[in-house]
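So the chains spell out like this:
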Amino acid sequence: MVAHDVDVITALDAQLFGVDCWPRQLFVDELAAPKTRRYIVAEVATTSSDGTAGPARTVGYAGLMCVPPVGDIQTIGVLPEFEGRGIARAMLVELIEEARQRGARDVMLEVSSTNPRAQELYRRFGFEHIHTRRRYYRDGSDGLVMRLSLAGADGTETAGITTTGTKDPS
Ligand SMILES: CC(C)(COP(=O)(O)OP(=O)(O)OC[C@H]1O[C@@H](n2cnc3c(N)ncnc32)[C@H](O)[C@@H]1OP(=O)(O)O)[C@@H](O)C(=O)NCCC(=O)NCCS
C-alpha cells in the first residue's frame, strides 16, 4: 500500500466496517511508520472493452504492526464480490511471513464475535482464541483476541500456517 492507494482503501474500509471503519488519516499515519508497519493491497487485473489489459483494480488490503516479539494484524478486508477466492488467505500468508522475518514470536489479532467467516479464516492458520474483550466494537459486539504462535514447542521456528496456497482469483 502506498500513498495513492489511501483514498480507495478508506472507501473500501468504510464499506466493509461501517461504524468501525478507520478515518483516512489513520491509514496515512500507518503508512508513515514503515519501521513497525507493513500494509499491502491485493489487486486483480482488468480487461478493457477492447480486450486489452486495463488498470489493476484494488480489491483488498491488510496491515501489520510488528514490534518484536509480537506482530499484530491491524486490519484485513476484501471486496464482497471478490470474497471466497483466497485473497485474504494470500494476504495473511504474506503478513505472517513479514512478522516472522521481523522477529515476531506471536502474531495477534482481534475479530468480532459476530464474524464467523473471519474467525474460520484465522483458525485455519492456527490462530487460537485466547481472550474475549466484552463489547470491544462500536456495534456492541465482543472482540475475540486470537494468537498464532510462530515458535514450536521446543522453541524452534515452525511454519505456523496450514494453508495450502492461494486460489485462482479469476
Ligand atoms: C473475512 C474476509 C477478509 C475473508 O476474505 P476472503 O478473501 O473471502 O477469504 P479467503 O477467500 O481467503 O478465504 C479464506 C478462508 O476463509 C474462510 N471462509 C471463506 N469463505 C467462507 C464462508 N463463506 N464461510 C465460512 N468460512 C469462509 C475459509 O476458512 C476459507 O478457507 P478455504 O477457502 O480454504 O475454505 C472477507 O470476508 C472480508 O473482508 N470481510 C469483511 C471485513 C472483515 O470482516 N475483515 C476481518 C476483520 S477481523
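Heads up: the structure comes first, above all this text.
Computed from a predicted model, the values in this text were never measured in an experiment.

Once that is clear, we can look at the pattern of salt bridges. The tally for this structure, following the rule as stated, stands at 12 salt bridges. For E97, the salt bridge is made with R100, and the minimal N-O distance between the two is 3.1 Å. With E97 and R100 both in helix α3 (residues 87–101) and 3 residues apart, this pair spans about one turn of that helix. In this structure, R102 engages E98 in a salt bridge whose closest nitrogen and oxygen atoms are separated by 2.8 Å. R102 sits in the partly exposed class, given a relative accessible area of 24%. Assessed through its relative accessible area of 15%, E98 is described here as buried.

With that settled, the discussion passes to the environment of K35. Mapped onto the secondary structure, K35 falls in the loop between α2 (24–31) and β1 (37–44). C-alpha separation for the pair K35 and M65, spaced 30 residues apart in sequence, amounts to 9.1 Å.

For an α-helix, the turn length of 3.6 residues means that residues three or four places apart are oriented alike. A118, Q119, Y122 and F125 are the residues of helix α4 (residues 116–125) that are buried. Looking straight down α4, one finds that the buried residues subtend no more than 120° of arc, so they occupy a single side. In α4, the exposed positions that point more than 90 degrees away from the buried face belong to P116 and R124. Lining the buried residues of α4 we find β3 (70–78), α3, β4 (106–112) and β6 (143–149). G126, located one to two residues past α4, shows a positive phi value of around 100°.

Let's shift gears to the side chain of T10. Tracing the sequence through the fold places T10 in helix α1 (residues 6–17). Judged by relative accessible area, T10 falls into the buried class, the value being 17%. With residues near it in sequence (within four places) discarded, T10 still touches W22, R24 and F27.

Turning our attention to the nonpolar core. Nonpolar side chains in soluble globular proteins tend to end up buried together. The biggest cluster of nonpolar side chains holds 39 residues, and the ones touching the most others in it are M91, Y122 and F127. Within the residue set of this core, elements represented by two or more residues are α1, β1, β2 (57–67), β3, α3, β4, α4 and β6. If you tally residues by element for this core, the top one is α3, at 7 residues.

Successive side chains on a regular strand alternate, one facing one side of the sheet and the next facing the other. Burial runs high along β6: 5 of the 7 residues are buried. Summarising the sheet, β4 and β6 pair through 7 bridges and their orientation is antiparallel. Bridging across to β6, E110 finds its partner in V145.

On to the pairing of β2, then. Among the 11 residues that make up β2, 8 are buried, leaving the element largely enclosed by the rest of the structure. As paired strands, β1 and β2 are joined by 8 bridges and run antiparallel to one another. When the sheet's bridge partners are listed, A42 is paired in β2 with G60. Hairpin geometry of β2 and β3 is characterised by an intervening segment of 2 residues between the two adjacent antiparallel strands.

Taken together, 6 strands build an open sheet; the order of strands is β1-β2-β3-β4-β6-β5 and the sheet is mixed. Where the open sheet ends on each side, the last strands, each with one partner, are β1 and β5 (128–133). Each strand of the sheet is rotated relative to its neighbour by a mean of 25°, with strand direction disregarded. By the bridge criterion, 3 bridges tie β3 to β4 in an arrangement that is parallel. By the bridge assignment for β4, V70 is matched with D106.

Rules used in this analysis
What you see as residue numbers is a count from 1 along each chain, following the sequence as written. Only residues with pLDDT of at least 70 get local features here, since the model is predicted, and only at 80 or more are side-chain atom pairs given and counted; chain-wide, interface and lining totals rely on the full set of residues. Side-chain descriptors were evaluated using all non-hydrogen atoms of the structure, hydrogens and water having been removed beforehand. One speaks of a salt bridge when a side-chain nitrogen belonging to Lys or Arg is within 4 Å of a carboxyl oxygen belonging to Asp or Glu. Numbering goes from the N terminus for both helices and strands, where a helix is a DSSP run of H or I of at least four residues and a strand is a run of E of at least two. Burial classification: accessible surface area is computed with a 1.4 Å probe over protein chains only, and a residue below 20% of its type maximum counts as buried, one above 50% as exposed, and the rest as partly exposed. Note that the arc is defined by the directions from the helix axis to the C-beta atoms. What makes two residues a contact is simply this: any of their non-hydrogen atoms within 4.5 Å. Residues grouped as a nonpolar core are buried Ala, Val, Leu, Ile, Met, Phe, Trp, Tyr and Cys residues, joined through side-chain atoms within 4.5 Å. Strand pairing is defined by DSSP finding a minimum of two bridges between the two strands. The convention used is that axes are lines fitted to C-alpha atoms, helices contributing only their stretch in contact, and that angles between N-to-C directions extend from 0 to 180 degrees.

Function cannot be read off these values alone, since they describe shape.
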